[in-house]
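Structural description and commentary
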Amino acid sequence: MEALQLEKKEINEARQGEAYAPFAHDENVYKKKFYIESYGCQMNFSDSEIVASILNKEGFGATRNCEEADLIFVNTCSIREKAELTVRKRLTEFRKIKQTKPGTLVGVLGCMAERLKSKFLEEEKLVDLVVGPDAYRTLPALVEEAETGQKAVNVLLSRDETYADISPVRLNSNGVTAFISIMRGCNNMCSFCVVPFTRGRERSRDAQSIVAEAQDLFNRGFREVTLLGQNVDSYYFVNETTNEIITFAKLLELVALVNPLLRVRFSTSHPKDITEDVLHTIAKYENICNYIHLPVQSGNTRILQLMNRTYTREWYMAKVDQIKKIIPDCAISSDMIAGFCTETEEEHRDTLSIMEYSKYDYSYMFFYSERPGTLAARRFQDDVPLEIKKRRLQEIVDLQNRLSLESNQKDVGKTFKVLIEGQSKKSADAWMSRNSQNKVVIFPKRNYDFQKGSYATVKITGCSQATLFGEIV
Ligand code: SAH
Ligand code: SF4
Ligand code: F3S
């Protein structure tokens, strides 16, 4: 089979994931094998771990080799047109496997399921199963249905499904860092965004089950958890027995208290919802990392209004000031969209200047891609020509590269507590770690007795735009 040729950037974006589970090849434990590939955001990768757990219970073991799988799943993303094109290309390759190995079932999971179910099933005959993000509990029944030759579909979205009780099988894990999904869906209606349509209403997961999952991960040797949601700051859960209201600030605290050796991160924060309480909680606990992903999308108030982000340029800048005041060494990263409907050159320059103002340590940068059914697609014309979108994006990327380098240069000479995630990819004699600000720190092992999951104190001696280099002190 021809390997899919992905550009480097595309791989970063899609992070094609091959999954495996313990005992995958133990025929006595698992009668059949499944292969799962995930695209899109971290929430999708976490969902694949829930899918793996559900399938494990039904007697399916995971394999890293799609050619030996009985079931092939693609967990899909709809966020930009390119993400969808990549998935379709992949599905035509899986069809070839089906042709050489009849009986292999191919399933589409995740965010493209709802939007494209009829197209997948009828017009193109590419797939046997289509299962939306809230319907994974019905997977075993759907697989059975598909095995009899019927097309199996469930794309119903739910108001309350959080998979709270399902303990995810950790796929491709480094054994040190893990993700915990704390909520699903999104109630914001950013006009460019398809997520509210693909994932449905926002709902928060039972706080107790989140803390229990963090505790279990810690007991198994994990040393860092990232709490995941499209808009974590609107987390809201009421404990039915005590009537206690658990906000995101409270949840952060509960997870931080699991153990001081367990680092806590979170993503994503919507600027309009992050509270002062959250900032004070981060400042109070050493193990809550000093890093906030705070997507701005645009630096211009008129464009922000069209995007329905509900904040202005000045309001966002004040939020950045507040963060830096309460957590002085806090790193901030962002998402930017270049060339949104009607964006002028001057408005684009507002995005560049707000990047300079916020001094982002890192950013995810995109050009606008119209998504069918969204508010923007219905109301506005996608009128910025592609070449202009691309040129503006390049200016944003170039600026971010400079800001990342400058931010790293400022760290040279500083000392950080870092968590070791594993061996450096480039050298067996060096460790790869991260500091609280989420920066990658590489340092030589020397003769010290450190392991994956150990904390070390490292003095930074040099840097590149993406990495800090240091020595143990
Ligand atoms: N919930 C997060 C982001 C989720 S999507 C938030 O509110 O910030 C991740 C990023 O993809 C977004 O922040 C946005 O920058 C980008 N994105 C979403 N829809 C897009 C579109 N139609 N075109 C280009 N980029 C888009
Ligand atoms: Fe999309 Fe906005 Fe929700 Fe983020 S907050 S997922 S950008 S609608
Ligand atoms: Fe994509 Fe769905 Fe995530 S559209 S970015 S996989 S929520």
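Here is a short report on the structure shown in this document.

Axis separation between helix α11 (residues 313–326) and helix α12 (residues 345–358) bottoms out at 10 Å; the angle between their running directions is 15 degrees. When the axes of α11 and α12 are compared, the pair comes out roughly parallel. Remark: the crossing between α11 and α12 carries right-handed chirality. On α12, the residues touching R313, Y316, M317, V320, D321 and K324 of α11 are D350, S353, I354, Y357 and S358. A breakdown of the residues in the contact of α11 with α12 according to their chemical character gives five nonpolar, two polar and four charged.

So, on to the environment of F450. When you line up the elements, F450 lands in the loop between β19 (440–444) and β20 (455–463). By relative accessible area, F450 is classed as partly exposed at 21%. Considered as a pair, F450 and K57 are 393 residues apart in the sequence and their alpha carbons are 36 Å apart.

All right, on to the site of ligand 3 then. Taken together, C41, N44, C77, S78, I79, C111, V195, R199 and Q230 form the complete shell of residues around ligand 3. Looking at the shell around ligand 3, its residues break down into five nonpolar, three polar and one charged. Lining the shell around ligand 3 are residues from two domains, each supplying at least three of them: domain 1 (2–154) and domain 2 (173–289).

Ordered by their spatial adjacency, three strands build an open sheet running β14-β15-β16, and the pairing between neighbours is parallel. Single-partner strands in this sheet number two, and they are β14 (291–293) and β16 (362–367). For this sheet, the mean inter-axis angle between neighbouring strands, taken without regard to orientation, is 10 degrees. One ladder, built from six bridges, connects strand β15 (residues 331–338) with β16; its direction is parallel. The residue of β16 that forms the bridge with A338 is F367. Sheet strands in contact with helix α14 (residues 386–411) are β15 and β16, and its direction is about 175 degrees off that of β16.

What counts, and where the lines are drawn
- Within each chain, residue numbers correspond to sequence positions counted from 1 in written order.
- Whichever chain is written first becomes A and whichever ligand is written first becomes 1, with later ones labelled in order.
- Thresholds applied to this predicted model are a pLDDT of at least 70 for local features of residues and 80 or more for the giving and counting of side-chain atom pairs; totals over whole chains, interfaces and linings are not thresholded and use all residues.
- Hydrogen atoms and water are omitted, and side-chain values are computed over all heavy atoms in the structure.
- Throughout, an axis means a line fitted to C-alpha atoms (over the contacting stretch in the case of helices), and angles, computed between N-to-C directions, take values from 0 to 180 degrees.
- Comment: elements are numbered from the N terminus, with helices defined as DSSP H or I runs of at least four residues and strands as E runs of at least two.
- Should an angle fall under 35 degrees it is taken as roughly parallel, and over 145 as roughly antiparallel, whereas 65 to 115 is taken as roughly perpendicular and any remaining angle as oblique.
- In this scheme the handedness of a crossing depends on how the near helix is turned from the far one: anticlockwise by less than a right angle means left-handed, clockwise means right-handed.
- Should any heavy atoms of two residues lie within 4.5 Å, those residues are considered in contact.
- When residues are grouped by polarity, Ala, Val, Leu, Ile, Met, Phe, Trp, Tyr, Cys and Pro land in nonpolar, Asp, Glu, Lys and Arg in charged, and all others, Gly among them, in polar.
- To sort residues, take the accessible area from a 1.4 Å probe on protein chains only and compare it with the maximum for the residue type: under 20% means buried, over 50% means exposed, and anything in between is partly exposed.
- Any residue with a heavy atom positioned within 4 Å of a molecule or strand is treated as near that molecule or strand.
- An automatic or database domain assignment supplies the residue ranges for each domain.
- Pairing between strands is defined by DSSP: at least two bridges between them are needed.

The values reported here are purely geometric and, on their own, carry no functional implication.
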